[in-house]
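Coordinate inspection notes
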Amino acid sequence: MYINFKAIANWAKSAAGITITISIAVALYATINSGPYVLVNTIITGGMLALVATGLTLMLGVLNIAMFAHGEYFMIGSLTAFYVFTPISNYIMENPDSFLVIIGPVIAIVLSMVSGAIAGVISEKLVFGPLRRRSTDNWVMNSFLLTVGLSVLLINLHQLIFGADFKGIVRYWGGMPVSIAGAFISRDRIMAFLISGLIVFLFWFFMTYTRTGRAIRAVSQDATGAQIVGINIENIVLLTIALSCALAGVAGGSLLFMYPSYPTMGLEPLYMAWFVVILSGLGNILGAVAGAFMVALLKVVTVEYIGAGWDFVVPSALIMLILIFKPSGIFGSEVRGVLDK
Amino acid sequence: MLLEVKELDAGYGYLQILRKVSLQVDTGEYVCIVGPNGAGKSTTMKSISGLLKPMGGKIYFNGEDITGLPAYEVTQKGIAFVSEEMNLFVNMSVQENLLMGAYTIKDKNAQQDRMEFVYDLFPRLAERKSQLAGTMSGGERKMLAIGRGMMSKPTLMLVDEPSFGLAPQLTETVFESLDILIKNGVTIMLVEQNVNKTLSVTDRAYVLENGRIGLDGKSSDVANDSYVKKVFLGV
Ligand SMILES: Nc1ncnc2c1ncn2[C@@H]1O[C@H](COP(=O)(O)OP(=O)(O)OP(=O)(O)O)[C@@H](O)[C@H]1O
Ligand SMILES: [Mg+2]
């Protein structure tokens, strides 16, 4: 077999190559040094971040919205999963042989995705659509301010209606933890990773190979060109916002067993996802996925070796450094910044 | 009559550019709009293609009123617009850009046929199928823009300054490809800076100045008009 060593060497020397290589090295070292749970935590946090961050990238690329309410769709997803799964879980307690033992969590997680999508569509119809129709002058700034307002509104609505307490569950899928390479990992964690992996893969496939996915990319690259070839931009905008919010919703839903639902729970995934988007360059799905795992690793390793209070400080500092040396992000070489348009 | 524009008023915000522009294009015709920079040629094309909502007047295509229809519906009706800026999808490959051009065609075989037609027309594009549009040379991008416009199998093509910024040899290639399209039964409305050449290949011409049609007629007659000679042809 012919292997192009030169191309591989070039890749390894590029910003992406260097960062990915360093990340893998750090992950291996931390795993050997502190145990496999470091890797497990990284992978689960990374999978969740990948879902939230691809949504952010998409909103930014297609709708030109710097989304600061995205964490609230994560929150809506977890809230939905909580209210769907709690009665199911009570039922399972009384009927341990029911098919719901396996399917119940799936129902909750799917509905968290659906509720995210619906919340996204409502936001577009009630908030972004009206602004877009009135004026697109200063769109980036105005829509950004709107998302901040939306975030505050949704957080307070949660508090008002559902209260400020933690709404969590003990587990989705019961049973013994599974032993992988000497580490015991709960089934819920394995499922959470499988779910995010599957969704990211399906999403990537959809964006790369389907007619509609291609249309979404077309709108993000040249909205006028997209209209010229016959794409109805309004439909694509609605679909995009539904998709990105669904991704955030399913992330919140599938991680309910780790992160209980409460009003401001969305802020942390939001900031982390913004780190990812800045790090990986705008409008790049695969970059966002790789970036998500890097930020997750950074966070986990920081907590492990420096202390729990530092898990925001170290990633932010690193991101500032990256922005100084590579303003377009590590993977963003060919992508024009959306904000330049 | 394939296209009829009646007393079109158009502009941007409160700024009116076109004033009562009327023009007609018959099926199979090769028509051009010439005029100085800023005359409103691109504005006319944007209005017809649906990218710009007219302020007044009517646009009929195949006898059907298409005034104010959104661009994607205009495209579905069979009008393709190759804009001055080309509006290519820079992070997509040549092949993907062409596929996007066939967005209105759902049948995979028909798409494939169009693709082959375009690759035959521009073998250069076939050689660079997987290259990103954003990394192509200016001339290649023009070809891709025209090719992408062809993909929807349009009855009418609006082509805005296809030779802008091209070397003379590539300009020839672009004109030749437009010729082939005409021979294939496509109707073309062309805007060009290269007035001399344009008037020599097209059937009919409209002269647009300050948002108004100043003169129109057979291209050969327009080319011999003393005013046109003085202002555009520099003789
Ligand atoms: N988006 C816009 N907003 C405001 N004014 C515009 C816009 N686009 C064009 N104009 C103005 O409209 C007038 C006509 O522009 P248009 O692009 O139609 O000219 P043109 O005949 O195509 O010129 P050229 O030969 O330079 O391409 C110009 O004065 C231009 O400044
Ligand atoms: Mg122009």
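Residues numbered from 1 in each chain as written. Chains lettered and ligands numbered in written order. Predicted model: local features only at pLDDT ≥ 70, side-chain atom pairs only at ≥ 80, totals over all residues. Heavy atoms only, no water.

**Here we look at the overall build of chain A**
Assigned secondary structure in chain A consists of 13 helices and two strands. Taking 20 Å as the expected radius of gyration for a compact globule of 341 residues, we find that chain A reaches 20 Å, a close match to that expectation. Dimensions of chain A, computed from the C-alpha atoms along their principal axes, are close to 60 × 50 × 45 Å. Each of the 341 residues in chain A was classed as buried or not, and the buried ones make up 50%. (Helix = DSSP H or I, 4+ residues; strand = E, 2+ residues; numbered from the N terminus. Rg over C-alpha atoms; globule rule 2.2 N^0.38 Å. Buried < 20%, exposed > 50% of the residue type's maximum accessible area, 1.4 Å probe, protein only.)

**Focus on the confidence of the model for chain B**
For chain B, the average pLDDT comes to 93, and 100% of its residues sit at 70 or higher. Complex prediction metrics read pTM 0.88 and ipTM 0.92. (pLDDT = per-residue confidence, 0-100.)

**Topic: the confidence of the model for chain A**
Residue and element names in this part refer to chain A. Summary statistics for chain A give a mean pLDDT of 86 and a share of 92% for residues scoring 70 or more. By mean pLDDT, the top-scoring element of chain A is helix α10 (residues 233-254) (96), and the lowest-scoring one is helix α1 (residues 5-13) (69). Counting interchain partners and residues more than four positions distant, the pLDDT-below-50 stretch residues 333-341 has 18 contacts. (Contact = heavy atoms within 4.5 Å.)

**A word on the environment of Thr45(A)**
By the element assignment, Thr45(A) lies in helix α3 (residues 37-63). Considering only alpha carbons, one finds Thr45(A) and Pro269(A), 224 residues apart in sequence, at a separation of 9.4 Å.

**What about the coordination of the magnesium ion (ligand 2)?**
Put simply, a metal with four donors set out as a tetrahedron has ideal angles of 109.5 degrees, and one with six donors set out as an octahedron has ideal angles of 90 or 180 degrees. Protein coordination of the magnesium ion (ligand 2) is provided by Ser42(B) (OG) and Glu84(B) (OE), with donor distances spanning 1.9 to 2.5 Å. With a gap of 42 residues between them, Ser42(B) in helix α1 (residues 41-49) and Glu84(B) in the loop between β6 (79-82) and α3 (94-101) connect regions that are remote in the sequence. (Donors = N, O, S within 2.8 Å, 3.2 Å for Na, K, Ca; no water.)

**Some points on the side chain of Thr80(A)**
With respect to the secondary-structure elements, Thr80(A) resides in helix α4 (residues 70-94). A distance of 2.7 Å separates a polar side-chain atom of Thr80(A) from the backbone oxygen of Ile76(A). (Polar contact = N/O pair within 3.5 Å; in protein donor to acceptor, adjacent residues only side chain to side chain.)

**Comments concerning helix α7 (residues 168-183) of chain B**
Residue and element names in this part refer to chain B. When the terminal C-alpha atoms of α7 are compared, their 23 Å separation across 16 residues agrees well with the 22 Å that a helix rising 1.5 Å per residue should span. For α7, the set of buried residues is Thr171, Val174, Phe175, Ser177, Leu178, Leu181 and Ile182. Buried positions in α7, seen along its axis, are confined to an arc of 155° and lie on one side of it. For α7, the exposed residues lying more than 90 degrees away from the buried face are Gln169 and Lys183. Of the surrounding elements, those touching the buried residues of α7 are β3 (30-34), α4 (108-121), α6 (138-150), β7 (156-160), β8 (187-191) and α8 (195-201). (Expected span 1.5 Å × (residues − 1). Arc of directions from axis to C-beta.)

**A word on the environment of Leu2(B)**
Residues and elements named next belong to chain B. For Leu2, the position within the fold is in the segment before β1 (3-12). Among the residues examined, Leu2 registers a relative accessible area of 3% and is labelled buried. Taking C-alpha positions, Leu2 is 31 Å from Gln95, a pair spaced 93 residues apart along the chain. In contact with Leu2, not counting residues within four places along its chain, are Val25, Asp26, Thr27, Tyr60, Phe61, Asn62, Thr155, Leu156 and Thr187.

**A look at the site of ligand 1**
Residues and elements named next belong to chain B. Lining the immediate surroundings of ligand 1 are 13 residues, of which Gly38, Lys41, Ser42, Thr43 and Glu84 lie closest. The contact in question runs from an oxygen atom of ligand 1 to an N or O atom on the side chain of Asn37, over 2.9 Å. A distance of 2.9 Å separates an oxygen atom of ligand 1 from a polar side-chain atom of Glu84. Calculation on ligand 1 without its partners gives an accessible area of 630 Å², and the protein chains cover 62% of this total. With three residues, α1 is the largest single contributor of residues to the shell around ligand 1. Grouping the constituent residues of the shell around ligand 1 by class yields four nonpolar, six polar and three charged. (Near = heavy atom within 4 Å. Areas by Shrake-Rupley, 256 points an atom, 1.4 Å probe, with all protein chains shown as cover. Nonpolar A, V, L, I, M, F, W, Y, C, P; charged D, E, K, R; others polar.)

**A closer look at a nonpolar patch on the surface**
Residue and element names in this part refer to chain A. Judged by side-chain polarity, Phe99, Ile102, Ile103, Val106, Ile107, Val110, Leu111, Val114, Ile118, Ile122 and Leu126 come together as a nonpolar surface patch covering roughly 980 Å² of accessible area. Within the secondary structure, Val114 is located in helix α5 (residues 100-134). We classify Val114 as partly exposed; its relative accessible area is 38%. (Patch = residues over 30% accessible without salt bridge, like charges linked within 9 Å, V, L, I, M, F, W, Y side chains within 5 Å. Salt bridge = Lys/Arg side-chain N within 4 Å of Asp/Glu carboxyl O.)

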